[in-house]
Amino acid sequence: MKILVTGGAGFIGSHLCDHLLAQGHEVSAIDDLSTGSLDNIVHLHEKQGFTYVNDTILNKDRLELLIKDCDTIVHLAAAVGVKYVIENPLLSMEININGTENILKFANRYKKRVLVASTSEVYGKHLHAPLREDDNVIYGPPSTMRWSYAAAKLIDEFMAFSYHRTKKLDVVVFRCFNTIGPRQTGLYGMVVPRFIQQALRDEPITVFGDGQQTRTFTYVQDVVEAIYRLMSCERATGDVVNIGGTEEVTIIDLAERIKALCRSNSEIVFVPYEKAYGRDFEDMMRRVPSLEKLESLIDYSPNTPLDEILGKTIEYYRSKVT
Ligand SMILES: NC(=O)c1ccc[n+]([C@@H]2O[C@H](COP(=O)([O-])OP(=O)(O)OC[C@H]3O[C@@H](n4cnc5c(N)ncnc54)[C@H](O)[C@@H]3O)[C@@H](O)[C@H]2O)c1
């Protein structure tokens, strides 16, 4: 099969390209390198079956040719990261809404199966756990820019399901929960790479808020395996499914674990949200996925223990941090 991976030079995208090629598929990747990096795919340079296109998914002519030429699309390209979205609100909306619309329009024109990446952020500020795919969404006001990412991804989901219902487009939406592992950058607000880099440099580990907010972290290889299985899962067509881990951890516990695993002398300090993100931020206190649907669809759910994921990620950053 020939698979188009949008955002293929990004964190999840580059691991997906590796996996698809290892399974014997042809892969073309499109990326504008806004948050991705050529370093993530440099090892694929000249690899048989791999093509990289440096362009934006907003370039409709280029996108149409790529979609026409593939069998399946995995749409990962997006403006990602709380910090990035708050700093680039207009561009983020344009990419996350218009970009996805372009993908769906051409996927429908050429009748290609498309998997669309959504996010646990679409659930908003729930306190209960686990979050099921049919839960309500609860957002703060539009004056708080943080919610624009969740709202844009929710519109992507509505567009995907509208194409499915009205045009029978073969579409699957997956909602990733916090995904971590090698190649993730800490530049745009991702907590684990930021903590690891601070710990390895013996700099203060900066916990935003009181650190009592919780997350479940998922290993990127597990996410890629789940996406791969969903690609051929007929029963997932027209549906939305969570992909996430099960080990709920507070952010202060995460900071302490990373400090210990890095054998760091860093101090752990608390930074108020307003200082970190300005007035455009409001946090979600809890985010735990229900994996019932994922397991029933693909007979698989992410299960790499958090300390093992952190160990592998720390190893990666040790080779990068000077
Ligand atoms: N990493 C996570 O924890 C997580 C959680 C939930 C959802 N997701 C979703 O997974 C997908 C991949 O995220 P990631 O974590 O790999 O982040 P990432 O930033 O590494 O990947 C996104 C990629 O898209 C590219 N891109 C952005 N705008 C583009 C454009 N206009 N045209 C072409 N390429 C463009 C970026 O350069 C980057 O390589 C995103 O859709 C994101 O919303 C990720």
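Rules and cut-offs
Residues numbered from 1 in each chain as written. Predicted model: local features only at pLDDT ≥ 70, side-chain atom pairs only at ≥ 80, totals over all residues. Helix = DSSP H or I, 4+ residues; strand = E, 2+ residues; numbered from the N terminus. Buried ≥ 20, exposed ≤ 12 C-beta atoms within 10 Å, placed from the backbone. Contact = placed C-beta atoms within 7 Å. Expected span 1.5 Å × (residues − 1). Axes fitted to C-alpha atoms, helices over the stretch in contact; angles between N-to-C directions. Parallel < 35°, antiparallel > 145°, perpendicular 65-115°, else oblique. Left-handed = near helix turned anticlockwise from the far one by under 90°. Core = buried A, V, L, I, M, F, W, Y, C linked by C-beta atoms within 7 Å.

1. Some thoughts on the overall build of the chain
- Check the secondary structure of the chain and you find eleven helices and 13 strands.
- Its C-alpha atoms give the chain principal-axis dimensions of roughly 55 × 45 × 40 Å.
- Across the 322 residues of the chain, 47% fall into the buried class.
- Put simply, of all contacts in the chain between residues at least 6 apart along the chain, 80% involve residues at least 24 apart.

2. Observations concerning helix H5 (residues 147-167)
- The first and last C-alpha atoms of H5 sit 30 Å apart over 21 residues, in line with the 30 Å expected at 1.5 Å per residue.
- As for H5, its buried residues are in contact with helix H3 (82-87), helix H4 (89-109), strand E5 (113-119) and strand E6 (171-176).
- Positive phi appears at Lys168, one or two residues downstream of H5, with a value of about 60°.

3. Things to note about the packing of helix H2 (residues 60-68) against H4
- Following both chains from N to C, one finds H2 and H4 inclined at 45°, their axes separated by 10 Å at the closest point. What the angle tells us is that H2 and H4 run oblique. Where H2 crosses over H4, the two elements pack in a sense that is right-handed. Taking contact as the criterion, the partners of Lys60, Leu63, Glu64 and Ile67 in H2 are, on H4, Asn102, Phe106 and Ala107.

4. A closer look at the nonpolar core
- Ranked by internal contacts, the top residues of the largest apolar core, which has 95 residues, are Val5, Cys17, Leu115, Phe174, Phe195, Ile227 and Leu230.
- It is helix H7 (residues 220-231) that provides the largest number of residues to this core, a total of eight residues.
- When residues no more than four places from it in sequence are discounted, the contact partners of Phe195 are Ile205, Leu254, Ala255 and Ile258.

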